[in-house]
Amino acid sequence: MRAIYITGESPYEISGCQMLLQQAGLSALPYARELINEDAILIVALSAAPLAGWGEHVKMLFQLKKQTSSRIIAIVPEEIVDYCGLRQVCHPVCGTNGLNKVRFDLLNAIQEAAHIDAKPLCHKSYIKLTICQKQALEYIADSLRDSRDCKEYMYPGSHVDFWHRGQLLKKLGFKNFHHLAVVGSGVLLPLIEENNILH
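Worth saying up front: this structure is predicted, and the values here are computed from it rather than measured.

So, the environment of Asp39
Turning to step 1, where the next piece is worked out: When you line up the elements, Asp39 lands in the loop between β2 (29-30) and β3 (41-45).
Turning to step 2, where the next piece is worked out: According to the relative accessible area criterion, Asp39 is partly exposed, its value standing at 42%.
Turning to step 3, where the next piece is worked out: Residues Asp39 and Ile4 lie 35 residues apart in sequence; the distance between their C-alpha atoms is 9.4 Å.
Turning to step 4, where the next piece is worked out: Sequence-distant contacts of Asp39, that is, excluding residues within four places in its chain, are made with Arg2 and Arg71.

Here you go:
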C-alpha cells in the first residue's frame with residue numbers, strides 16, 4: 001500500500017479523516033513536502049473551508065499538483081465537487097455527504113489511487129466549447145485578468161450573450177453566475193492558464 005499523507009484547513013476535519021482511515025485499518029501521516037514521495041497518496045481535506053473565495057483553494061491544488069507527482073484526493077464541499085477543473089489535478093470527494101457515504105467515497109478513491117501505476121489519478125480533459133462559449137470564456141477571462149468585479153461579466157451584453165455565458169458555466173460545473181460569484185471567479189484562472197478549456 002502506498003503511504004498516505006493528509007493536510008487541510010481544519011484540524012477537526014483532518015482528525016475526522018484520520019479516524020475514518022484508522023477504522024478501515026489505514027493511517028495517514030501529516031503532510032510535509034520534503035517527506036512525501038512520488039508513490040504517495042495525498043489527501044487534502046477542504047470541505048470545511050468557507051465556500052466564499054474557494055477559488056484560492058483551487059489555485060492551491062493546481063500549485064500542489066505542480067510540486068508533487070503524488071496522487072491527490074481532495075475532500076471538497078458539495079457545491080465544488082462537480083467543477084471540472086478539479087478533475088484536472090485531483091480526485092474530488094464530496095465531504096458534506098453523510099458519514100458513511102464520505103467513508104465509502106474516500107476509501108474507493110484511495111483504493112483507486114493505490115492501484116494506478118503510471119497513470120495519474122486525475123485526468124486531463126479538454127472541454128469542447130461552441131464558438132459563442134469560447135467568446136464568453138474569453139470575455140470572462142479578460143474580466144478576471146483585469147481584476148474587474150464579477151458583476152462586470154455577469155450582466156452586460158445581450159440576452160443571447162448572457163445565455164451563452166450561463167451555458168458555459170454549467171459545462172464547467174457551476175449552477176449559475178451567483179454560484180461562481182460566491183465561490184470566487186478565481187476558480188477559472190488555473191484552467192484558462194493551463195489552456196485546458198480553450199479547445
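Comments concerning the nonpolar core
Turning to step 1, where the next piece is worked out: One finds Trp54, Leu61, Leu86 and Phe174 to be the most contacted residues of the largest nonpolar core, which totals 32 residues.
Turning to step 2, where the next piece is worked out: For this core, the secondary-structure elements that each account for two or more residues are β3, α2 (55-67), β4 (71-76), α4 (131-145), α6 (159-172) and α7 (177-183).
Turning to step 3, where the next piece is worked out: No other element matches α2, which puts four residues into this core.
Turning to step 4, where the next piece is worked out: Among all residues touching Leu61, those that are not within four sequence positions of it are Val44, Leu46, Ile72, Ala74, Leu86, Val89 and Cys90.
Turning to step 5, where the next piece is worked out: Of all hydrophobic cores here, the second largest spans 18 residues; its members include Cys17, Ile41, Ala45 and Ala109.

Rules used in this analysis
- Residues numbered from 1 in each chain as written.
- Predicted model: local features only at pLDDT ≥ 70, side-chain atom pairs only at ≥ 80, totals over all residues.
- Heavy atoms only, no water.
- Helix = DSSP H or I, 4+ residues; strand = E, 2+ residues; numbered from the N terminus.
- Buried < 20%, exposed > 50% of the residue type's maximum accessible area, 1.4 Å probe, protein only.
- Contact = heavy atoms within 4.5 Å.
- Core = buried A, V, L, I, M, F, W, Y, C linked by side-chain atoms within 4.5 Å.

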